[in-house]
Amino acid sequence: MKITTEVSSQDITATLMNDTSPSGETHHDKESNAKLREVTEIAESVVSDFLWIYHQNKDRNEASMKEAADIAKYALLSIKEYLEDFSEED
């Protein structure tokens, strides 16, 4: 028997980011920073996967492959925009 569940991106984000903010208590902050390091590794891996999907499929002839490249490109451009806004804050 196969069980399929749907999880929203908000649910995934909430689960990943839960307890990643420091509070000023050494023990809590040590744990929250360790979890934050793990989450950043996941984020880096996701961005790397987006880049791979884009580069592998952008010049393909199949519509579904081009669509995958477009989806990955849109995600990458959104991330780029967030980072540009972030860099303007400094």
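Residues numbered from 1 in each chain as written. Predicted model: local features only at pLDDT ≥ 70, side-chain atom pairs only at ≥ 80, totals over all residues. Heavy atoms only, no water.

Novice: How do you make sense of the pattern of salt bridges when you look at a structure like this?
Specialist: Two side chains of opposite charge can pair, provided their charged atoms sit close to one another. According to the stated counting rule, one finds three salt bridges in the structure shown. The shortest N-O distance in the salt bridge between Glu62 and Arg60 comes to 3.0 Å. The partly exposed category is assigned to Glu62, whose relative accessible area is 35%. Of the residues examined, Arg60 reaches a relative accessible area of 32% and is grouped as partly exposed. For Lys80, the salt bridge goes to Glu84, with nearest N and O atoms at 3.8 Å. With Lys80 and Glu84 both in helix H3 (residues 63-89) and four residues apart, this pair spans about one turn of that helix. Lys80 sits in the partly exposed class, given a relative accessible area of 45%. Among the residues examined, Glu84 registers a relative accessible area of 37% and is labelled partly exposed. (Salt bridge = Lys/Arg side-chain N within 4 Å of Asp/Glu carboxyl O. Buried < 20%, exposed > 50% of the residue type's maximum accessible area, 1.4 Å probe, protein only. Helix = DSSP H or I, 4+ residues; strand = E, 2+ residues; numbered from the N terminus.)

Novice: Looking at this model, I keep getting lost on the layout of surface pockets. Mind explaining?
Specialist: Empty space among the atoms can be located by rolling a probe the size of a water molecule over them. Estimated volume of the largest pocket: approximately 640 Å³. Together, 17 residues line the largest pocket, and Met17, Val39, Ile42, Ala43 and Val47 are the ones closest to its centre. For the lining of the largest pocket, the secondary structure elements donating two or more residues are helix H1 (9-17), helix H2 (26-57) and H3. Taken together, the residues of the lining of the largest pocket break down into 13 nonpolar, three polar and one charged. (1 Å grid on protein atoms, 1.4 Å probe; cavity = no way out; pocket = protein on both sides within 12 Å on 5 of 7 lines; lining within 4 Å. Points joined across faces, edges and corners; volume = space filled by probe spheres on them. Nonpolar A, V, L, I, M, F, W, Y, C, P; charged D, E, K, R; others polar.)

Novice: Hey, could you run me through the side chain of Thr20 in this one?
Specialist: Along the chain, Thr20 falls in the loop between H1 and H2. A polar atom in the side chain of Thr20 sits 2.7 Å from the backbone oxygen of Met17. Setting aside anything within four residues of it in sequence, one finds Thr20 in contact with Ser32, Lys35, Leu36 and Val39. (Polar contact = N/O pair within 3.5 Å; in protein donor to acceptor, adjacent residues only side chain to side chain. Contact = heavy atoms within 4.5 Å.)

Novice: Looking at this model, I keep getting lost on H2. Mind explaining?
Specialist: Counted at 1.5 Å a residue, the expected span for H2 with its 32 residues is 46 Å, and the 46 Å between its end C-alpha atoms agrees. Listing the buried residues of H2 in full gives Asp29, Ser32, Val39 and Asn57. If you follow the buried residues of H2, they end up packed against H1 and H3. (Expected span 1.5 Å × (residues − 1).)

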